[in-house]
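Examination of the molecular architecture
The residues making up each chain are set out below.
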Amino acid sequence: MADAAVRLRPTTPADQAFLYAMLHEANNWDLPVDAPRPPLAVTLDDEVVSRYVDGWGRPGDCAVVAEAGGTPVGACWLRLFTADHHGWGFVAADVPELGIAVAPAWRRRGIGTRLLADAVAQARHAGHLAISLDVMLENPARVLYERAGFREVATDEEAAACTMVLDLTGQPGAHQPFGT
Ligand SMILES: CC(C)(COP(=O)(O)OP(=O)(O)OC[C@H]1O[C@@H](n2cnc3c(N)ncnc32)[C@H](O)[C@@H]1OP(=O)(O)O)[C@@H](O)C(=O)NCCC(=O)NCCS
């Protein structure tokens, strides 16, 4: 059930540090919620990973942050890339790649579902025809994506990861961006 105390808001460039923290969580998706995290630098030193957030606020960036009592507790963000400089889930220059994470203590309360629904609504609003992402095959986040309508389009068995795409060309969604 959704957590009524959590509200969604748009991001600003000032959220870059929080987005890096959430990127770090996504990069460490397989750690138990109460396990210590490696230093953030491990994530930021990997340029293919850090590029999902570097210079946040460039044209085309869009995101939603979940806040509880004014403290950010999760985010879902979308970024456009180019054919020669992109993330792991790239499919086309006009299809944004999605990232998502919720702070460990706030997981399994429906916040990820709300963040994803709002990011999808923003993408529709911006006129995008699809959203793509990369996810490890064993990451339970796949269930979240499948429920939202994402479908696997490519699998890299060696990397144990897959690319998923949400087709936005069907019926317009009922969801409004930043709806609570
Ligand atoms: C993926 C993530 C954003 C989901 O956020 P959340 O707020 O926990 O999501 P919800 O509470 O809306 O859960 C949605 C569904 O996802 C699935 N799910 C999410 N995390 C799960 C977990 N650890 N184990 C099993 N199922 C999980 C469940 O099916 C869940 O539905 P349910 O609670 O009704 O069973 C969060 O677990 C997270 O931050 N994970 C680490 C970062 C990450 O993996 N990002 C994605 C990288 S591709």
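Structural data are supplied above this passage.
Below, the structure is looked at part by part.

What counts, and where the lines are drawn
- Residues numbered from 1 in each chain as written.
- Predicted model: local features only at pLDDT ≥ 70, side-chain atom pairs only at ≥ 80, totals over all residues.
- Heavy atoms only, no water.
- Helix = DSSP H or I, 4+ residues; strand = E, 2+ residues; numbered from the N terminus.
- Contact = heavy atoms within 4.5 Å.
- Near = heavy atom within 4 Å.
- Polar contact = N/O pair within 3.5 Å; in protein donor to acceptor, adjacent residues only side chain to side chain.
- Areas by Shrake-Rupley, 256 points an atom, 1.4 Å probe, with all protein chains shown as cover.
- Nonpolar A, V, L, I, M, F, W, Y, C, P; charged D, E, K, R; others polar.
- Expected span 1.5 Å × (residues − 1).
- Buried < 20%, exposed > 50% of the residue type's maximum accessible area, 1.4 Å probe, protein only.

Positionally, Gly 99 belongs in strand S4 (residues 97-102). When the C-alpha atoms of Gly 99 and Leu 19 are compared, they prove to be 9.4 Å apart, with 80 residues separating the residues in sequence. Ignoring sequence-local partners within four residues, the contact set of Gly 99 consists of Ala 75, Cys 76 and Trp 77.

Around the ligand, the structure places 22 residues, and the nearest of them are Val 102, Arg 108, Gly 110, Gly 112 and Thr 113. Here Ile 100 contributes a backbone N or O atom positioned 2.8 Å from a nitrogen atom of the ligand. With respect to the ligand, the side chain of Thr 113 contributes an N or O atom lying 2.5 Å from an oxygen atom. Against a free-state accessible area of 900 Å², the protein chains account for coverage of 78% of the ligand. Elements supplying a minimum of two residues to the shell around the ligand: helix H1 (16-27), S4, helix H4 (111-125), strand S5 (130-136) and helix H5 (141-147). Examining the composition of the shell around the ligand, we find that five residues originate from one element, H5, more than from any other. For the shell around the ligand, the residue count by class is twelve nonpolar, four polar and six charged.

Below, the discussion takes up H4. For H4, which comprises 15 residues, the first-to-last C-alpha distance of 21 Å matches the rise-based estimate of 21 Å (1.5 Å per residue) to within 8%. Counting buried positions over the 15 residues of H4 gives eleven, a clear majority of the element. Taken together, the buried positions of H4 are Ile 111, Gly 112, Arg 114, Leu 115, Leu 116, Asp 118, Ala 119, Val 120, Ala 121, Gln 122 and Ala 123. A positive phi of about 90 degrees marks Gly 127, the residue just after H4.

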